[in-house]
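Coordinate inspection notes
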Amino acid sequence: LKQSKEKYETIFNNACESIIYFDLAENKFVECNKVAIEMFRAPNKSEFLQSEWKRFYAQSDGTLNQLAIDNFFKGILREAKKVGSCCCVFLAHRFDGSTFVAEITTVSVDEKPESKVIFFLKDITEEYYNKLNWEKLYYEQEQILDSMPLQFGQKDLENNFVKCNQAMT
């Protein structure tokens, strides 16, 4: 038992992601690791754990956080209970007022309706906005190619068309 506890503490304290335990019956945070405190820029662990979970869900930025806060939270909990875990992205609010894009994985600890869940969070701000920029550039490239009067086609190594513009179709 002592070895199991030591292994758990090693994993919990040295994880690269934020790990947060939440008690559904008490509707409060029970435990968090150092990464969570740093990620959310909390003054200290005690203040983090005493916070209401709603404070971490930022106002919508037009693309993220389209759901009402209660619907978002209930949705991830329902999905985690149903299949064991749930993963999604939301705009998170830090203690200092700044925001970041967080990937949250919610894991149900047991089958009881009022149990504990574990939240694993990663800051994916850079990856998220890089992907949006890439998608925008890809869309713009498609628009340029489709507006060309010349035929354009791209083939793979097996001589199959993989892309063509409007003039070619």
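To keep things clear, this report deals only with the structure shown in the data block. Fair warning: this is a prediction, and the values are worked out from it, not measured in the lab.

Let's talk about the environment of Ile 20
Mapped onto the secondary structure, Ile 20 falls in strand β1 (residues 18–23). By relative accessible area, which is 3% here, Ile 20 ends up buried. For the pair Ile 20 and Cys 87, spaced 67 residues apart in sequence, the C-alpha to C-alpha distance is 15 Å. Excluding residues within four positions of it along the chain, Ile 20 makes contact with Phe 29, Glu 31, Cys 32, Ala 36, Phe 40, Phe 48, Val 117, Ile 118, Phe 119 and Leu 121.

What to know about the sheet that holds β1
In spatial order, the strands read β2-β1-β5-β4-β3; together these five strands make up an open sheet with antiparallel pairing. The open sheet is flanked by β2 (28–32) and β3 (85–93), the only strands paired with a single partner. Neighbour-to-neighbour, the strand axes of this sheet turn through a mean angle of 30°, independent of strand direction. Bridge count between β3 and strand β4 (residues 99–108): nine bridges; the pairing is antiparallel. Considered in β4, the bridge of Ser 85 is made with Val 107.

Re the side chain of Ser 51
Relative to the assigned elements, Ser 51 resides in the loop between α3 (45–50) and α4 (69–83). With a relative accessible area of 11%, Ser 51 lands in the buried category. With sequence-adjacent residues up to four places away left out, Ser 51 is seen in contact with Phe 29, Phe 56 and Phe 95.

Some words on α4
For α4, with 15 residues, the first-to-last C-alpha span of 22 Å sits near the 21 Å given by 1.5 Å per residue. Next to the buried residues of α4 lie β1, β3, β4 and β5 (116–123). Two residues or fewer past α4, Gly 84 is found with a positive phi of approximately 100°.

Description of the state of the cysteines
Disulfides are covalent bonds that link the sulfur atoms of two cysteine residues. Scanning the model with the defined rule gives zero disulfides in all. Not part of a disulfide, Cys 86 finds its nearest cysteine sulfur in Cys 88, a span of 4.8 Å. Of the residues examined, Cys 86 reaches a relative accessible area of 12% and is grouped as buried.

Description of the packing of aromatic side chains
As enumerated under the stated definition, the model contains 19 aromatic pairs in all. Plain terms: the ring middles of Phe 40 and Phe 48 are 5.8 Å apart, the flat faces sit at 55° to each other, and that makes the pair tilted. Residue Phe 48 is classed as buried on the basis of its relative accessible area, which comes to 0%. Seen from their ring centres, Tyr 128 and Tyr 129 are 5.1 Å apart, and the 85° between their planes marks the pair as edge-to-face. An aromatic cluster of at least three residues, connected via ring pairs, comprises Phe 22, Phe 29, Phe 40, Phe 48, Trp 53, Phe 56, Phe 73, Phe 95, Phe 100 and Phe 119. The cationic tip of Arg 55 hangs over the ring face of Phe 56; the distance from NZ or CZ to the ring centre is 5.3 Å. Over the aromatic face of Phe 95 sits the side chain of Arg 55, whose NZ or CZ is 4.0 Å from the ring centroid.

Here we look at the nonpolar core
The tendency in soluble globular proteins is for nonpolar side chains to be buried as a group. Ranked by size, the top nonpolar core spans 31 residues in total, and within it Ile 20, Phe 22, Phe 40, Phe 48, Phe 90, Phe 119 and Leu 121 carry the most contacts. For this core, the secondary-structure elements that each account for two or more residues are β1, β2, α2 (34–39), α3, α4, β3, β4 and β5. Counting residues per element, this core draws most heavily on α4, which supplies five residues. Ignoring any residue separated from it by four or fewer positions in sequence, one finds Phe 90 in contact with Phe 56, Tyr 57, Leu 64, Asn 65, Phe 72, Phe 100, Val 101, Ala 102, Ile 104 and Leu 121. In terms of nonpolar packing, the next biggest core, distinct from the first, is built from six residues, Ala 58, Leu 64, Leu 91 and Tyr 128 among them.

The rules behind these values
Residues numbered from 1 in each chain as written. Predicted model: local features only at pLDDT ≥ 70, side-chain atom pairs only at ≥ 80, totals over all residues. Heavy atoms only, no water. Helix = DSSP H or I, 4+ residues; strand = E, 2+ residues; numbered from the N terminus. Buried < 20%, exposed > 50% of the residue type's maximum accessible area, 1.4 Å probe, protein only. Contact = heavy atoms within 4.5 Å. Pairing = 2+ DSSP bridges. Axes fitted to C-alpha atoms, helices over the stretch in contact; angles between N-to-C directions. Expected span 1.5 Å × (residues − 1). Disulfide = S-S within 2.5 Å. Phe/Tyr/Trp six-rings, centres within 6.5 Å; stacked < 30°, edge-to-face > 60°. Lys NZ or Arg CZ within 6 Å of the ring centre and 35° of its normal. Core = buried A, V, L, I, M, F, W, Y, C linked by side-chain atoms within 4.5 Å.

Interpretation note: all reported values are geometric properties and have no functional meaning in isolation.
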